[in-house]
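Results of the structural survey
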Amino acid sequence: MPDDRENEPRPPIFRPGAGGEVFGGPPPGGRARGRRPTSFGARPRLLFWLALAVVLLLLVAPTAALRLSDYLWYREIGFERVFLLKIVAQWTLGLLAGLAGFVSIWLGARAALRRLERDPLRMLDRASPRQQARDAILSRMAGIFLVPLCALLAVFAALLAASEWRTLVQFYYRTPFGVADPIMGRDIAWYVFTLPALELALDYTSLVVFLGLAVTGAIFFAGGEIWRQDWRIRVGPVAQLQLAVPAAILLALAGLRAILVGIPALLYGPHGPLHGASYTDIHVRIPALYALGALALAGAAWMIRGAARDRLVASAAVAYGAWIAGSALLFGIVPAAFQRLVVQPNELARETPQIRHHIAATRAAWGIDRVVRRDLQPERRLTARDIEANQATIANVRLWDREPLLQTFGQIQAIRTYYDFVQVDDDRYRIDGELRQVLLSARELNSAALPTRTFINEHLTFTHGMGVTLGPSNQVTGEGLPVLWVKDLPPESSVGVQITRPQLYFGELSNDFVLAPSRQQEFDYPAGEGEEASVYTRYDGDAGVPIGSFARRLLFALRFGSLNILLSRDLTDSTRILYHRDVADRAARALPFLRFDGDPYLVVTDSGHLKWILDAYTSTDRYPYAQPLTDGTNYMRNSVKVVIDAYHGDVTAWLADPADPMIRTLARIYPGMLRPLGEMPADLRAHLRYPEQLFRAQTALYGTFHMTDAETFYHREDQWQIPAGARGDGGESFLRHIVMRLPGEAEPEFILMRPFTPRQKDNLAAWMVARNDGEHYGELVVYRFPRQSLVFGPTQIVNRINQDTEVARQISLWDQRGSEVVRGELLVIPIEESLLYVQPLYLRAQGGRIPELKRVIVAHEGQVAMDSTLELGLVRLFGGGARAPRLEVAGGGTTDAAPRAAGAAGAPSAAVQALLRQAAGHYDRARAAQRADDWATYGEEMRRLGEVLRRLRADTPEAAPPR
């Protein structure tokens, strides 16, 4: 008789990889699987491949075009190493991390499947139809999804690693700081470069182990080795050990992180009265973290032991529960109790060493340990002779605020609606051999304001801005408008600052691509009316990427989503595409490893070219014990100056602080990219300035960290603050560039200045300057007033100005009848060892956009004077000996502002002559308005004429009676 067992299905045999299956043998029912005939004919298959090609074109082509065009841009500016290093590092690191992650996850999954297949209990039960069905499903799912799932999870881990490529590159090229932290004795470079790499390694390893554990657990769950019984999780003996190993590794990694990362993190976190490790951290939290590390290792061993005894769930609950409870107890409850019971009653004594570390580290990290201190003795009141002896300072008092001047430039110098001024910059130039402070702004093209926005107009015809507007910071015309030394189109100069290349292809407003040269003429500037209304030019610079070939046109058409680039007949073989033209964006892309100041400024070189200068910083948030800013930064250096040519687009990076360890590390990563500052041309170096962002942070910190004694620092006995209300209205705090002669110095120089007042007091305590010129560039000096003497501060001066009856009456009068008074920023002008306060007043018609400078308020030691010019105000305040070198008059030109000496005989003084010219100007404009039936303007001009006549009557001495 035949044996009936021959017709029974055979037990499944484990065949890894055979036919893409995990478990071999026939499926339920005993029927072998055959290949299903394809349902695709020739035409459907063609449609499938066409659809796939379209999808790839839409998804892959734009990304590829973006990357290739980026490479061409980096190669064009000579920074291709930045692009290539990033690509090579990201792909290398990503591939290695992805491969390691895939192998780790896949091997764990395969091991789980093998353990399921070799389980003796499953072999006995496998003859049942239910078990066969489960095995078949698991076999099919594993064969189809196992490799793709492992690959997908590995890609996720690879992306994490690849995104941190710069962390590993900086770790490889790290440069020591030469300074050790006071607790662990490690070089600061360990915290800045090595610790982030350790964190990355721990994060990556933990992620891969966790993903492997998740995949393994899913396989065991599908195979029936993990189930729920009576609301409890049960794990079969086959899965115990394989699940215990990754779970134990995760706990061990957590303990390792507590030691390697948690302890160093205490050195730059906020704790009590300081940033950095406090007394409690050193004596309680650091030992607690070591204990937690040991507890994690013990918990990992406990889980392995429990798995060997088929008690994985209970042992894992105990191990992780002990870790969580130990963390709460050792790192939370015990330190809090120790801080309250032991430290707080004697906090100063306990924290004195740590406060000293905090002070020293903050001063070193922010560079304020090199501030030079100088004491002032302001007992002597300023006199007219002092004003006369400091004409270099008086002649450069900045009477124009940036915002009113920007509005005025936009109204009187924009010329056309498509030109715009973005911001006004401070600088200094040698004018007739004298150092003068100037205000300048670039006249940039605003393509959004073009009357007709077409492809040709935006990208081929209107391609660039034109020149700058430049004038002295302290001169005003008789109409209250700024004096302009460089103005109009094309730019015309009345001084030695000449512009030979005024076109601005790169600026702060250049945010779209242009194609030049082309068959279309490029608009240069408006010249008049009729046929000769515009002047055109042709770009002959070397910026941009050549776009003459069809392949290049196709590439950039994909990059910018503009089919016109491909189809336009106006492009020639010499046409280049200029993109990334915003100088801030251009610099950040060229040097992505730096942090940039938000205020690029324009410079006119001796050759008449326009160049942008940007300040760049290195920074970190991992300097032990240093005080951070609100964004966490606790170390910053202005290590690089970036220069961008406004016409050619050249990007040059100059190494400004070779002592900075962070920039030395970056210089090793990008050799030859940073040029020594000593090689910078003299006409550019003469215009370098100390960056405002860094100085703002340094002064804010110095207000507290000038106290170097731990006890004084703890009590905040001598804390300073930046006075608020620079306009008398609670506005932005003081921060000013000034050309002045510092106390004890022989020559005037360009400085950045900020005052201090005592905390919660209004009197002045000190003022700090950053020097900008020559060999003194970057020097920080603080001038301190005696603590026992009263020096009026800005808030007190503002109050005195508001209480002055003449000022109050004039402001009340102007604030009526459709006009608005705009208070300028209150200026603090150091002269000798005392202070002079100056505040301009602007008058603006209601709804108007042209502020006019109408009055200047001068104050010294509580005395206030107001007049139409700074010169006349100084005469009112200090008497006839005070004068200033220049007064711009209504008819143009300058003249000396002579003092109003009572009883002066002979010809009228210069001041009287200026008032006479102003009166004549107002009268002529009133007559013109009368003839045009413009009665509003007529009334305003007659009012101004009466005002000038009243001043003229007050300034003109009475005629001597006949003998």
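Considering the pattern of salt bridges
Charged atoms that come close allow side chains of opposite charge to pair. What the rule picks out here adds up to 31 salt bridges. In this structure, the salt-bridge partner of R736 is D401, at a minimum N-O distance of 2.7 Å. Here R736 is found in strand β26 (residues 736-740), whereas its partner D401 is found in the loop between α12 (391-394) and α13 (402-412), with 335 residues between them in sequence. On the basis of relative accessibility, which here comes to 5%, the residue R736 falls in the buried class. Here D401 falls in the buried class, since its relative accessible area comes to 1%. Two residues, R741 and E832, come together in a salt bridge whose shortest N-O distance is 3.0 Å. Separated by 91 residues along the polypeptide, R741 in the loop between β26 and β27 (749-758) and E832 in the loop between β31 (827-831) and β32 (834-845) bring together distant segments of the chain. Among the residues examined, E832 registers a relative accessible area of 24% and is labelled partly exposed. Through salt bridges with shared partners, a single network forms among R374, E745, E749, R771 and E779.

Quick look at the nonpolar core
F79, Y429, F556, L591, L594, W612 and V642 are the most contacted members of the largest nonpolar core, which has 112 residues in total. Per element, the largest residue contribution to this core is eleven residues, and it comes from helix α2 (residues 80-117). In this view, L591 contacts F79, F596, V642, A653 and M673; residues no more than four positions away in its chain are not counted.

Description of the environment of P758
In this structure, P758 sits in strand β27. The buried category is assigned to P758, whose relative accessible area is 19%. Residues P758 and Q721, 37 residues apart in the sequence, show an inter-C-alpha distance of 6.1 Å. When residues no more than four places from it in sequence are discounted, the contact partners of P758 are Q719, W720, Q721, N763, L764 and A765.

Considerations on unusual backbone geometry
Residues L489 and P490 are joined by a peptide bond in cis, for which omega reads -10 degrees. Cis geometry is found at the peptide bond from A516 to P517, where omega equals -10 degrees. Mapped onto the elements of the fold, P517 is located in the loop between β14 (514-516) and β15 (522-526). Look at D488: it is not a glycine, yet its phi comes out positive at around 65 degrees.

Digging into α13
By the burial criterion, the buried members of α13 are P404, L405, L406, T408 and F409. Where α13 is buried, its residues contact β6 (419-421), β8 (434-445), β10 (468-472) and β32.

Structural notes on the packing of aromatic side chains
Taken as a whole and judged by the stated rule, the model has 33 aromatic pairs. Taking the centre distance of 5.7 Å and the plane angle of 35 degrees together, the rings of Y74 and F83 count as tilted. Look at F83 and you get buried, because its relative accessible area is 13%. Look at Y418 and F523: their rings are 5.6 Å apart centre to centre, the planes differ by 90 degrees, and that puts the pair in the edge-to-face class. Of this pair, Y418 sits in the loop between α13 and β6 while F523 sits in strand β15, and the two are 105 residues apart along the sequence. Ring pairs connect the aromatic residues Y418, Y419, F462, F523 and Y536, which therefore count as one cluster. If you follow R285 out to its NZ or CZ, it ends over the ring of F331, 5.8 Å from the centre. Over the ring of Y647 we find R501; its NZ or CZ atom is 4.0 Å from the centre of that ring.

Considering a nonpolar patch on the surface
Residues V54, V55, L58, L59 and V60 make up a contiguous nonpolar surface patch of roughly 470 Å² in combined accessible area. If you trace the backbone, L59 turns up in helix α1 (residues 42-77). Residue classification places L59 among the exposed positions, given a relative accessible area of 60%.

Regarding the packing of α2 against helix α5 (residues 165-172)
The interhelical angle for the contact between α2 and α5, taken along N-to-C directions, is 100 degrees, at an axis separation of 9 Å. For the element pair α2 / α5, the angle class is roughly perpendicular. Contacts between α2 and α5 involve L85, K86, A89, Q90 and L93 on the former and, on the latter, W165, L168 and V169. Counted by class, the contact of α2 with α5 contains six nonpolar, one polar and one charged residues.

A short note on the side chain of T463
If you trace the backbone, T463 turns up in the loop between α14 (455-461) and β9 (465-466). Classification of T463 as buried rests on a relative accessible area of 1%. Looking at T463, its side chain comes within polar contact range of the side chain of E522, at 2.6 Å. Once residues within four sequence positions are removed from consideration, T463 is found in contact with L445, Y505, V514, E522 and R581.

Digging into the pairing of β27
Burial of β27 is extensive: ten of the ten residues sit out of reach of the surface. Alternating positions in β27 separate into two faces, E749, I751, M753, P755 and T757 on one and F750, L752, R754, F756 and P758 on the other, with burial throughout. Pairing geometry for strand β25 (residues 720-721) and β27, over two bridges, is antiparallel. Residue pairing across strands places Q721 opposite T757, the latter belonging to β27. Bridge count for β26 against β27 is five bridges, and the pairing is antiparallel. Residue pairing for β27: I738 is matched across the bridge by I751. Here β27 runs beside strand β28 (residues 766-771); their pairing, made up of six bridges, is antiparallel. Along β28, the bridge assignment pairs L752 with A770.

Details of the sheet that holds strand β17 (residues 545-546)
Strand order in the open sheet formed by three strands is β14-β18-β17, and the pairing between neighbours is antiparallel. Of all strands in the sheet, those bounded by a partner on one side alone are β14 and β17. Relative to strand β18 (residues 576-578), β17 runs antiparallel, the two sharing two bridges. Opposite P546, over in β18, you have R576 as the bridge partner.

Quick word on the pairing of strand β2 (residues 232-235)
Looking at chain direction, strand β1 (residues 226-229) and β2 are connected through four bridges and run antiparallel. Across the sheet, R228 pairs through a bridge with I233, a residue of β2. Linking β1 to β2, which pair antiparallel, is a turn of two residues; within it D230 sits at a positive phi near 55 degrees.

Let's talk about the confidence of the model for the protein
Averaged over all residues, the pLDDT of the protein equals 85, while 86% of them reach at least 70. Ignoring residues within four places in sequence, the model shows residues 726-731, a span with pLDDT below 50, making 16 contacts including any to other chains. For residues 884-907, every residue scores under 50 in pLDDT, and the model assigns this stretch 55 contacts once sequence neighbours within four places are set aside.

Brief notes about the side chain of T362
Among the structural elements, T362 can be located in helix α10 (residues 347-365). Under the relative-accessibility criterion, T362 is labelled buried at 0%. A distance of 2.9 Å separates a polar side-chain atom of T362 from the backbone nitrogen of Q627. Contact partners of T362, with chain neighbours within four places excluded, come to I368, Y625, A626, Q627 and F705.

Concerning the environment of E820
Mapped onto the fold, E820 is located in strand β30 (residues 819-823). Assessed through its relative accessible area of 34%, E820 is described here as partly exposed. When neighbours within four sequence positions are excluded, E820 is seen to be in contact with W814, D815, Y842, L843 and R844.

Side note on the packing of α5 against helix α6 (residues 188-222)
With their axes 9 Å apart at the nearest point, α5 and α6 run at an angle of 135 degrees to one another. Considered as vectors, α5 and α6 are oriented oblique to each other. As α5 runs across α6, the sense of the crossing is left-handed. Together, T167, L168, Q170 and F171 of α5 and F193, T194, P196, A197 and L200 of α6 make up the contact between the two elements. Its residues assigned to classes, the contact of α5 with α6 comprises six nonpolar, three polar and no charged.

Basis of the calculations
- Residues numbered from 1 in each chain as written.
- Predicted model: local features only at pLDDT ≥ 70, side-chain atom pairs only at ≥ 80, totals over all residues.
- Heavy atoms only, no water.
- Salt bridge = Lys/Arg side-chain N within 4 Å of Asp/Glu carboxyl O.
- Helix = DSSP H or I, 4+ residues; strand = E, 2+ residues; numbered from the N terminus.
- Buried < 20%, exposed > 50% of the residue type's maximum accessible area, 1.4 Å probe, protein only.
- Core = buried A, V, L, I, M, F, W, Y, C linked by side-chain atoms within 4.5 Å.
- Contact = heavy atoms within 4.5 Å.
- Phe/Tyr/Trp six-rings, centres within 6.5 Å; stacked < 30°, edge-to-face > 60°.
- Lys NZ or Arg CZ within 6 Å of the ring centre and 35° of its normal.
- Patch = residues over 30% accessible without salt bridge, like charges linked within 9 Å, V, L, I, M, F, W, Y side chains within 5 Å.
- Areas by Shrake-Rupley, 256 points an atom, 1.4 Å probe, with all protein chains shown as cover.
- Axes fitted to C-alpha atoms, helices over the stretch in contact; angles between N-to-C directions.
- Parallel < 35°, antiparallel > 145°, perpendicular 65-115°, else oblique.
- Nonpolar A, V, L, I, M, F, W, Y, C, P; charged D, E, K, R; others polar.
- Polar contact = N/O pair within 3.5 Å; in protein donor to acceptor, adjacent residues only side chain to side chain.
- Pairing = 2+ DSSP bridges.
- pLDDT = per-residue confidence, 0-100.
- Left-handed = near helix turned anticlockwise from the far one by under 90°.

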